[in-house]
Amino acid sequence: MLSLLLFIPIGLLVGTLSGFYGIGGGIVLVPILLLTGFTPALAVATSLMFTLGTSLSGAVAHTRMHNVNWKIAALIGTTGAVSAQLSNRLVIHISGQYDWLLNVWFIMLLGYFTWSLYNKNKKGAKPSLFKNHYLAAVLIGLVIGFLSSLLGIGGGFVTVPLLISWLGIDSRKAIGTSLATIII
C-alpha cells in the first residue's frame, strides 16, 4: 500500500512538468516505472495512458491561451498515429525476450537529446529549417508516432524541440501544439 502512495507525488511531478514543458510525461515516467519493477512493455502501456490525461489537461489550458496551432497538431497527430501502429508491431514482437532493447533505445534517445543540447549553437537556431511546414509536420509525426509506441513517450520531449527548430514556432505555441498533438 505504501509503495502505491508513492505514485501520487510522482504523478504530481510528471503532471507539473507536462504543463510547463509540453510533454505528456512519458520521458519521466517510463524510467521511474522501470526502476520500480515494471516490465518495459507494461511501463510503456502505463505511461501512454498517463500521458493521455496530462496532455488533455495541458492542451485545454493552452487552447484557452491561444497557444495551439491545431492544423499542425492534427497533421502531426494523424501521421503519428499511423507510425505508432507500425511501431506497435515491433514492440509486440520484441516484448518478453528482447525487453533490454527498449531500454537501450530509450537511453540512446536521452543521450542524443543531451548531446544536442550540450552542443547547441550559441548563435541561435534558424527561424525555420523547412520551407513547407506541412511536410515538416508529417515528418515530425512519423518520428513521434514511432517513438511513442516503441518507448512509451507521448512525444512531447521530441515534438517541442522539433516544432521550434524545424518550423520556427515560438516556445509557448510549440508547447501547446505538442500537448494537442499527444492527445491525437
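See above for the structure.
Calculation rules
Residues numbered from 1 in each chain as written. Predicted model: local features only at pLDDT ≥ 70, side-chain atom pairs only at ≥ 80, totals over all residues. Heavy atoms only, no water. Helix = DSSP H or I, 4+ residues; strand = E, 2+ residues; numbered from the N terminus. Buried < 20%, exposed > 50% of the residue type's maximum accessible area, 1.4 Å probe, protein only. Contact = heavy atoms within 4.5 Å. Areas by Shrake-Rupley, 256 points an atom, 1.4 Å probe, with all protein chains shown as cover. Axes fitted to C-alpha atoms, helices over the stretch in contact; angles between N-to-C directions. Left-handed = near helix turned anticlockwise from the far one by under 90°. Nonpolar A, V, L, I, M, F, W, Y, C, P; charged D, E, K, R; others polar. Core = buried A, V, L, I, M, F, W, Y, C linked by side-chain atoms within 4.5 Å. Patch = residues over 30% accessible without salt bridge, like charges linked within 9 Å, V, L, I, M, F, W, Y side chains within 5 Å. Salt bridge = Lys/Arg side-chain N within 4 Å of Asp/Glu carboxyl O.

### Examining the overall build of the protein chain
Helix and strand counts for the protein chain stand at 9 helices and 0 strands. Seen in sequence order, the protein chain has helices and strands lined up from the N terminus as α-α-α-α-α-α-α-α-α. Buried residues in the protein chain amount to 40% of all 184 residues. The long-range share in the protein chain, meaning contacts at least 24 apart out of those at least 6 apart in sequence, stands at 76%. Here the protein chain has roughly 10,300 Å² of accessible surface; of this, 72% comes from carbon and sulfur atoms.

### Things to note about the environment of A73
Its location among the elements puts A73 in helix α5 (residues 70–94). For A73, a relative accessible area of 0% corresponds to the buried category. For the pair A73 and I184, spaced 111 residues apart in sequence, the C-alpha separation works out to 8.2 Å. For A73, the contacting residues outside a window of four places in its chain are T177, A180, T181 and I184.

### Focus: the packing of helix α3 (residues 26–35) against helix α4 (residues 40–64)
At a minimum axis distance of 9 Å, the contact between α3 and α4 shows a crossing angle of 145 degrees. The crossing of α3 and α4 is right-handed. Contact with α3, carried on its side by G26, L29, V30, L33 and L34, involves P40, A43, T46, S47, F50 and T51 of α4 and no other residues of that element. Looking at the contact of α3 with α4, its residues break down into 7 nonpolar, 4 polar and no charged.

### A look at the environment of S171
Looking at the element boundaries, S171 is found in helix α9 (residues 171–183). Looking at S171, the relative accessible area reads 42%, which means it is partly exposed. Sequence separation between S171 and P161 is 10 residues, and the spatial gap between their C-alpha atoms is 8.6 Å.

### Remarks on unusual backbone geometry
Even without glycine at this site, H66 takes up a positive phi of about 60 degrees. Position of H66 among the secondary structure elements: in the loop between α4 and α5. The exposure class of H66 is exposed, given its relative accessible area of 63%.

### Focus on the nonpolar core
Counting residues in hydrophobic clusters, the biggest one holds 28 residues, and the most contacted among them are I140, L163 and L167. Contributing elements (two or more residues each) for this core: α3, α5, α6 (99–118), α7 (133–151), α8 (156–167) and α9. When near neighbours in sequence (up to four residues on either side) are disregarded, I140 contacts I76, T159, L162, L163, W166 and L167. With 5 residues, the next largest nonpolar core counts I10, V14, L29 and A43 among its residues.

### Examining the side chain of S83
Position of S83 relative to the elements: it lies in helix α5. A relative accessible area of 7% places S83 in the buried class. Sequence-distant contacts of S83, defined by excluding residues within four places in its chain, comprise G141, L142, G145 and F146.

### Notes on a nonpolar patch on the surface
Nonpolar side chains collect at one region of the surface, where L5, I8 and L12 lie side by side and expose about 300 Å² of accessible area between them. Inspection of the secondary structure assignment puts I8 in helix α2 (residues 7–21).

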